[in-house]
Amino acid sequence: MEAAYALIGYGLAAIGPGIGIGLIAGNAVQAMARQPEAAGMVRTTMFLGIAFRGISTYWVRSILLSIGLTNDFKFKRILRRS
């Protein structure tokens, strides 16, 4: 059962970064449109936000994958069903 939860969490962890990066980029474009003179600072902040979002994603994925692989037999059995 732990492996099933890990697989669900892994799937959610894959969706989250896409939404987060989309929001970051969309808000950065809005900010640059409102204040073009601050575009350089906004762009730098946007790239830092994307990097931190990516790092947190890899941490979550690695933790969930390690939880899912603790009982390898259950993990393989769940993969065979789908």
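Conventions we followed
Residues numbered from 1 in each chain as written. Predicted model: local features only at pLDDT ≥ 70, side-chain atom pairs only at ≥ 80, totals over all residues. Heavy atoms only, no water. Helix = DSSP H or I, 4+ residues; strand = E, 2+ residues; numbered from the N terminus. Buried < 20%, exposed > 50% of the residue type's maximum accessible area, 1.4 Å probe, protein only. Contact = heavy atoms within 4.5 Å. Areas by Shrake-Rupley, 256 points an atom, 1.4 Å probe, with all protein chains shown as cover. Patch = residues over 30% accessible without salt bridge, like charges linked within 9 Å, V, L, I, M, F, W, Y side chains within 5 Å. Salt bridge = Lys/Arg side-chain N within 4 Å of Asp/Glu carboxyl O. pLDDT = per-residue confidence, 0-100.

Looking at the overall build of the chain
At step 1: Helices and strands together make up the secondary structure of the chain, namely three helices and zero strands.
At step 2: Each helix and strand of the chain, ordered N terminal to C terminal, gives the series α-α-α.
At step 3: Counting all 82 residues of the chain, 21% fall into the buried class.
At step 4: Looking at the chain alone, contacts between residues at least 24 apart form 75% of all its contacts between residues at least 6 apart.
At step 5: As presented, the chain carries roughly 5900 Å² of accessible surface, and 70% of it is formed by carbon and sulfur atoms.

A look at a nonpolar patch on the surface
At step 1: A grouping of Tyr5, Ile8, Leu12, Ile15, Ile19 and Leu23 is seen on the molecular surface, where their side chains present a nonpolar patch of about 660 Å² in accessible area.
At step 2: Turning to its location among the elements, Ile15 is positioned in helix α1 (residues 2-34).

Some details on the confidence of the model for the chain
Segments scoring low in pLDDT should not have their predicted coordinates read at a detailed level.
At step 1: Put simply, the chain has an average pLDDT of 79, and 74% of its residues get 70 or more.
At step 2: Between the elements of the chain, mean pLDDT differs from a low of 61, seen in helix α3 (residues 72-81), to a high of 83, seen in α1.

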